[in-house]
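The primary structure of each chain is shown beneath.
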Amino acid sequence: MRDFFITNGAVIASVIAAAELLLTAALFAAFAKKQQPAILLAALIALGLTFDAAVMALGRVISPDILPVLSRIRFVSHGLLVPLNIAVCGYALRWEHTKKMTVIWVITAIVCLLGAASGFARVLELRDFAGMLRHVAGDSTPLWADKINRVLSFGTVLPLIAAGVAVIIREKNPSIFLAGLLMFVFAAVGPATGNADLIFLISMIGELLMAVFFLCFALTAYRSNDEI
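Figured I'd write up the structure that's included with this text. Predicted model, so just to flag it, every value in this text is computed and none were measured.

**Points about the overall build of the protein**
Within the protein, the regular secondary structure consists of 10 helices and two strands. Since a compact globule built from 228 residues should have a radius of gyration of about 17 Å, the 17 Å found for the protein is in line with a globular shape. Across its three principal directions, the C-alpha atoms of the protein cover 50 × 35 × 35 Å. The buried share of the protein, taken over its 228 residues, is 46%. Contacts spanning at least 24 positions in sequence make up 69% of the contacts within the protein whose residues lie at least 6 apart. Each charge class in the protein can be summarised by its mean position, and for the 17 positive and 14 negative side chains these summaries are 7 Å apart.

The structure is reproduced here in structure tokens:
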């Protein structure tokens, strides 16, 4: 399996980027129809993931002068948009119009700002691996930026799992739970199998599945245009 990922990295990333683009369009279409904030947040997260995958997939054909700029935007947008998962949890738990949702948005805003700051702070280093030419965080990247990135990898997904359990109990809808669980599993499977160097590619599968189940939630959790 490792050889498959290394040999076909660019193809895998391209397929994932194309699929995420379609899912993003579907999520924005669902938001236009149902006007639910959680759908908009999910669409924005999916948009960021699409951009992330596309820049990595197309690294070899993007101009060397433009690639560093797009890579910087990739890191910043990832740090800014992925924490919106926290706010998605609040809406999934029907906390809108409550003080709890205000607290959720304060936490979300703080994590978004920290994520964006870590994206700006990363020292970019060009790497050629698995058929992909991409920028990664170099060794001289500040330690705090690396720590924030680790928090983004798991700290914004674990709330999805917890909220998803509550949604299953209340509404018998497993979509939010599966979105968080699969993202967590694919983010962890690389290091767990001794393939930490492939985590950037393996975790893309988890991101794609998270977007899939966000769309499932958008399509199934809004009967008669009810609020979340």
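**Overview of the environment of Ser175**
As for its placement among the helices and strands, Ser175 is situated in helix 9 (residues 175–192). A residue is classified by how much of its surface remains accessible, and Ser175, at 6% relative accessible area, is buried. C-alpha of Ser175 to C-alpha of Val165: the two residues are 10 residues apart in sequence and 9.8 Å apart in space. Among all residues touching Ser175, those that are not within four sequence positions of it are Phe213, Cys216, Phe217 and Thr220.

**Observations concerning the nonpolar core**
Leu27, Leu201, Met204, Met210 and Phe214 are the most contacted members of the largest nonpolar core, which has 59 residues in total. Mapped onto this core, the elements with two or more residues apiece are helix 2 (9–34), helix 3 (37–57), helix 5 (84–92), helix 6 (99–121), helix 7 (143–154), helix 8 (158–171), helix 9 and helix 10 (199–220). Ignoring sequence-local partners within four residues, the contact set of Leu27 consists of Ile39, Ala42, Ala43, Ala46, Ala211, Phe214, Leu215 and Ala218.

**Re the packing of helix 4 (residues 67–81) against helix 6**
Viewed as axis vectors pointing N to C, helix 4 and helix 6 meet at an angle of 165 degrees, and their least axial separation amounts to 7 Å. With respect to their mutual orientation, helix 4 and helix 6 come out roughly antiparallel. In this structure, helix 4 crosses over helix 6, and the sense of that crossing is right-handed. The residues of helix 6 that touch helix 4, namely those facing Arg72, Phe75, Val76, Gly79 and Leu80, are Val111, Cys112, Gly115, Ala116, Gly119, Phe120 and Ala121. Across the contact of helix 4 with helix 6, the residue classes tally to eight nonpolar, three polar and one charged.

Quick notes on the rules
- Residues numbered from 1 in each chain as written.
- Predicted model: local features only at pLDDT ≥ 70, side-chain atom pairs only at ≥ 80, totals over all residues.
- Heavy atoms only, no water.
- Helix = DSSP H or I, 4+ residues; strand = E, 2+ residues; numbered from the N terminus.
- Rg over C-alpha atoms; globule rule 2.2 N^0.38 Å.
- Buried < 20%, exposed > 50% of the residue type's maximum accessible area, 1.4 Å probe, protein only.
- Contact = heavy atoms within 4.5 Å.
- Lys, Arg positive; Asp, Glu negative; His and termini not counted.
- Charge placed at Lys NZ, Arg CZ, Asp CG, Glu CD.
- Core = buried A, V, L, I, M, F, W, Y, C linked by side-chain atoms within 4.5 Å.
- Axes fitted to C-alpha atoms, helices over the stretch in contact; angles between N-to-C directions.
- Parallel < 35°, antiparallel > 145°, perpendicular 65-115°, else oblique.
- Left-handed = near helix turned anticlockwise from the far one by under 90°.
- Nonpolar A, V, L, I, M, F, W, Y, C, P; charged D, E, K, R; others polar.

That's the geometry; what it means functionally is another story.
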